[in-house]
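Summary of the model geometry
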Amino acid sequence: MTEKQLISTIKYVSSTKPAFFLSEIIPYLDEPLSLNTLFTIISPKLPGLGLMAKEVKGDFKISRIPPALPLLLNKEERERQEAFFTAGVIPLTLAQSIEKYITKKVGKDWNDPVIIERLRRAIVAQKDDYWKPAHKRSLQYTKGYSVLGYLAYHFPVYFMQTGYLLMMLTRDGLLKKNMTILDVGTGPGIVPLAIADFYSRLDDAEATIYSLERSEEHIEAFTFLRDALFGTGGRVTIKPPVKTDIRSIETTALPEKIDLVIFSNVLNELPDATMELRADIVHLLSERLAPDGSILIVEPADEENATRMRSLTVALQKKGLSIYGPCSFIWGSTCTAPRCWSFETAPAIRITRLMETLAHCEDSYRYVNTDIKYSYAVLRKDGMRKENFRMPEGSKFLRLSKLHLHLGKRINVAGLKMSGELGDARSHVFKLCDGTAKTPVYAVLPSYHITPENDAITSAPYGSLLELRNVLVRYNKAHDAYNLLVSRNTGIHTAGAADE
Ligand SMILES: C[S@@+](CC[C@H](N)C(=O)[O-])C[C@H]1O[C@@H](n2cnc3c(N)ncnc32)[C@H](O)[C@@H]1O
């Protein structure tokens, strides 16, 4: 019997009863194995199957791991988090530690004009590289200044963005009171530090955070900031990052059961990687995911990266993972995410002192980074979905896949608002999705047509299910997309809010 067959036997037996002894498996084996050898083979796989083992009188009792307690915030914890997001600024000690780290690395004050000018050049070089075609990008973070530039320009926004994502996971009950987290491509540890900061506003929740990173310079910055801010002995343990290339991860260095795996802004930094390789990396790590664990993938909101991330989720579905959110498949269809540019936004952060100093120059806009826009997906192994809503039989809404049959006509549709603002102050544009369309669909609302009856399209949060009644179907040849023109006669409501 191969190891794979052995694991499926264990899986099968565990599905038939709440507990069993490992010796019960022996009769199923083609070749005899001792109990201890059998245990050595299967024990690393047990946590991933949601099982645990206990030695009992020379045998091993295998039973299900009891379900973890979800992290539910009490009123005070919620208020502390809300106050943090309302202030919109990274903690002062963190901002000061970044300045101190720059001073330590360059051997001069962080605000020395020569150092500030070098940081500006590093930021511009990094941005220029980012906007090159994917295969021409060369960002390696081997030079000290590339990491210092990252700390100055990207760190504050990504730190706050991680906070918003943690809040989303908490609201959805996807965090646990005590959890093991893995951050892949951690850079200077933005995600672990943001998690520790988030947990510092909770009463008693605990977390252990592991991370993977290949750049020595990033690891050095991460270690400095971790030691300066969170030391040891708290409720959150941040393990030293494991230095590795994520294209060839040695999984023995990883914990056996991980509750949350995070890929934040890293998969797009594998310029030569095919979609298949990216999916393989995520899939490999999903083997260590607890049965009730989640995978969070986050990428920048620009069209290329956001679109590629969404296609990756489809590739992962084919490998057996399921999309928890933000997508929802209200007609029960399978989505192929064709050209799906979908992203979330959050309020802009307040500028840090370091950014302000960098922006004291002619092209100040180049050094100010305060907008939060990101594309994300949550995947699961257990098939759980954020939204289980299905359109009822005989519903009076048209599937978005049928728009081509109704060009120039006024129709009713239902779908999720799947983008932040893609238009401008004169004409608001939002992506709509019901999981059926092969061609992108946008709701377009000229500002002079805004009424209290239709402005839910601008105010509804990302991911809201909306009903749009009386929209005009247009085909936009230049973008090969359908526009649903919202006028003052259109009614838009969150689903269930309007009468039939
Ligand atoms: C843009 S940074 C993101 C850092 C952090 N996750 C965040 O959201 O800010 C991408 C990180 O992934 C790391 N990275 C890129 N390719 C990698 C690889 N093949 N193996 C390990 N780390 C890699 C880079 O060194 C860098 O630290």
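Residues numbered from 1 in each chain as written. Predicted model: local features only at pLDDT ≥ 70, side-chain atom pairs only at ≥ 80, totals over all residues. Heavy atoms only, no water.

Structural notes on the overall build of the protein
Counting its secondary structure elements, the protein contains 13 helices and 18 strands. Projected onto its principal axes, the C-alpha coordinates of the protein cover approximately 80 × 70 × 50 Å. By the burial criterion, 52% of the 500 residues in the protein qualify as buried. Restricting to contacts in the protein with at least 6 residues of sequence separation, those with at least 24 account for 75%. With the model as given, the accessible surface of the protein reaches about 23,000 Å², and the carbon-plus-sulfur share is 52%. (Helix = DSSP H or I, 4+ residues; strand = E, 2+ residues; numbered from the N terminus. Buried < 20%, exposed > 50% of the residue type's maximum accessible area, 1.4 Å probe, protein only. Contact = heavy atoms within 4.5 Å. Areas by Shrake-Rupley, 256 points an atom, 1.4 Å probe, with all protein chains shown as cover.)

What to know about the domain arrangement of the protein
What the domain assignment reports for the protein is domain 1 (3-64), domain 2 (75-380) and domain 3 (400-494). Taken together, the contacts link six residues of domain 1 with five residues of domain 2. Its largest share of buried area at the contact with domain 2, domain 1 owes to Pro44, Pro47 and Gly48, together 82% of the area lost on that side. If you look at where domain 1 meets domain 2, you find zero salt bridges. (Domains from an automatic or database assignment. Buried area = accessible area lost by both parts, 1.4 Å probe. Salt bridge = Lys/Arg side-chain N within 4 Å of Asp/Glu carboxyl O.)

A few points about helix H3 (residues 75-87)
Between the first and last C-alpha of H3 there are 18 Å, a value that for 13 residues agrees with the 18 Å anticipated at 1.5 Å per step. Among all positions of H3, only Glu77, Gln81, Phe84 and Phe85 are buried. Along H3, the residues classed as buried sweep out an arc of 95° about the axis, all on the same side. Looking at the buried positions of H3, the neighbouring elements they touch are helix H7 (155-171) and helix H8 (190-199). Once H3 ends, the next one or two residues include Gly88, with phi positive near 60°. (Expected span 1.5 Å × (residues − 1). Arc of directions from axis to C-beta.)

Notes on the site of the ligand
Around the ligand, the structure places 20 residues, and the nearest of them are Tyr150, Gly185, Glu213, Ile246 and Ser264. Between the ligand and Gly185 there is a distance of 2.8 Å, counted from a nitrogen atom to a backbone nitrogen or oxygen. Glu213 is positioned such that a nitrogen or oxygen atom in its side chain is 2.6 Å from an oxygen atom of the ligand. For the ligand, whose free accessible area comes to 590 Å², the fraction covered by protein is 99%. Of the residues contributing to the shell around the ligand, the split by class is seven nonpolar, eight polar and five charged. (Near = heavy atom within 4 Å. Polar contact = N/O pair within 3.5 Å; in protein donor to acceptor, adjacent residues only side chain to side chain. Nonpolar A, V, L, I, M, F, W, Y, C, P; charged D, E, K, R; others polar.)

Considering the side chain of His449
For His449, the location among the structural elements is in the loop between strand S15 (441-446) and helix H13 (456-459). A distance of 3.2 Å separates the side chain of His449 from the side chain of Arg488, its partner in a polar contact. If sequence neighbours within four positions are ignored, His449 has contacts with Asn454, Val486, Ser487 and Arg488.

Some remarks on unusual backbone geometry
A cis amide bond links Gly325 with the next residue in sequence, Pro326, at an omega value of 5°. If you trace the backbone, Pro326 turns up in the loop between strand S10 (322-325) and strand S11 (344-346). Its identity is not glycine, yet Lys57 carries a phi of approximately 45°, on the positive side. In this fold, Lys57 is placed in the loop between strand S2 (51-56) and strand S3 (59-64). Judged by its relative accessible area of 85%, Lys57 falls in the exposed class. Phi is positive for Asp480, which is not a glycine, with a value near 45°. Position of Asp480 relative to the elements: it lies in the loop between strand S16 (465-476) and strand S17 (481-485).

A closer look at the sheet that holds S2
Reading across the sheet, the three strands line up as S1-S3-S2 and stay open at both edges, with antiparallel pairing between neighbours. Single-partner strands in this sheet number two, and they are strand S1 (19-21) and S2. When strand polarity is set aside, the average angle formed by the axes of neighbouring strands in this sheet is 25°. Where helix H1 (residues 3-16) meets the sheet, it contacts S1, S2 and S3, and its direction lies at approximately 130° from that of S1. Against the sheet, helix H2 (residues 35-42) makes contact with S2 and S3, and its axis sits at roughly 30° relative to S3, the strand it touches most. (Pairing = 2+ DSSP bridges. Axes fitted to C-alpha atoms, helices over the stretch in contact; angles between N-to-C directions.)

Digging into the nonpolar core
Counting 112 residues, the largest nonpolar core has Phe159, Tyr199, Phe263, Leu296 and Ile297 as the members making the most contacts within it. With 11 residues, H7 is the single largest residue contributor to this core. One finds Ile411, Val413, Ala460 and Ile492 within the second-largest nonpolar core, a separate group that totals 22 residues. (Core = buried A, V, L, I, M, F, W, Y, C linked by side-chain atoms within 4.5 Å.)

Remarks on the pattern of salt bridges
Counting across every chain of the model gives 25 salt bridges. Note that Asp272 is salt-bridged to Arg247, the shortest N-O span being 3.4 Å. Of this pair, Asp272 sits in the loop between strand S8 (258-264) and helix H10 (275-286) while Arg247 sits in the loop between strand S7 (242-243) and S8, and the two are 25 residues apart along the sequence. Here Asp272 falls in the exposed class, since its relative accessible area comes to 58%. Residue classification places Arg247 among the partly exposed positions, given a relative accessible area of 33%. Through salt bridges with shared partners, one network takes in Lys104, Lys105, Glu217 and Glu220.

As for the packing of aromatic side chains
Taken as a whole and assessed by the stated rule, the structure comprises 11 aromatic pairs. With a centroid separation of 4.0 Å and an interplanar angle of 0°, the aromatic rings of Phe39 and Phe60 are classed as stacked. Taken as a pair, Phe39 in helix H2 and Phe60 in strand S3 lie far apart in primary sequence, 21 residues in all. Accessibility expressed as a relative area gives 21% for Phe39, which makes it partly exposed. (Phe/Tyr/Trp six-rings, centres within 6.5 Å; stacked < 30°, edge-to-face > 60°.)

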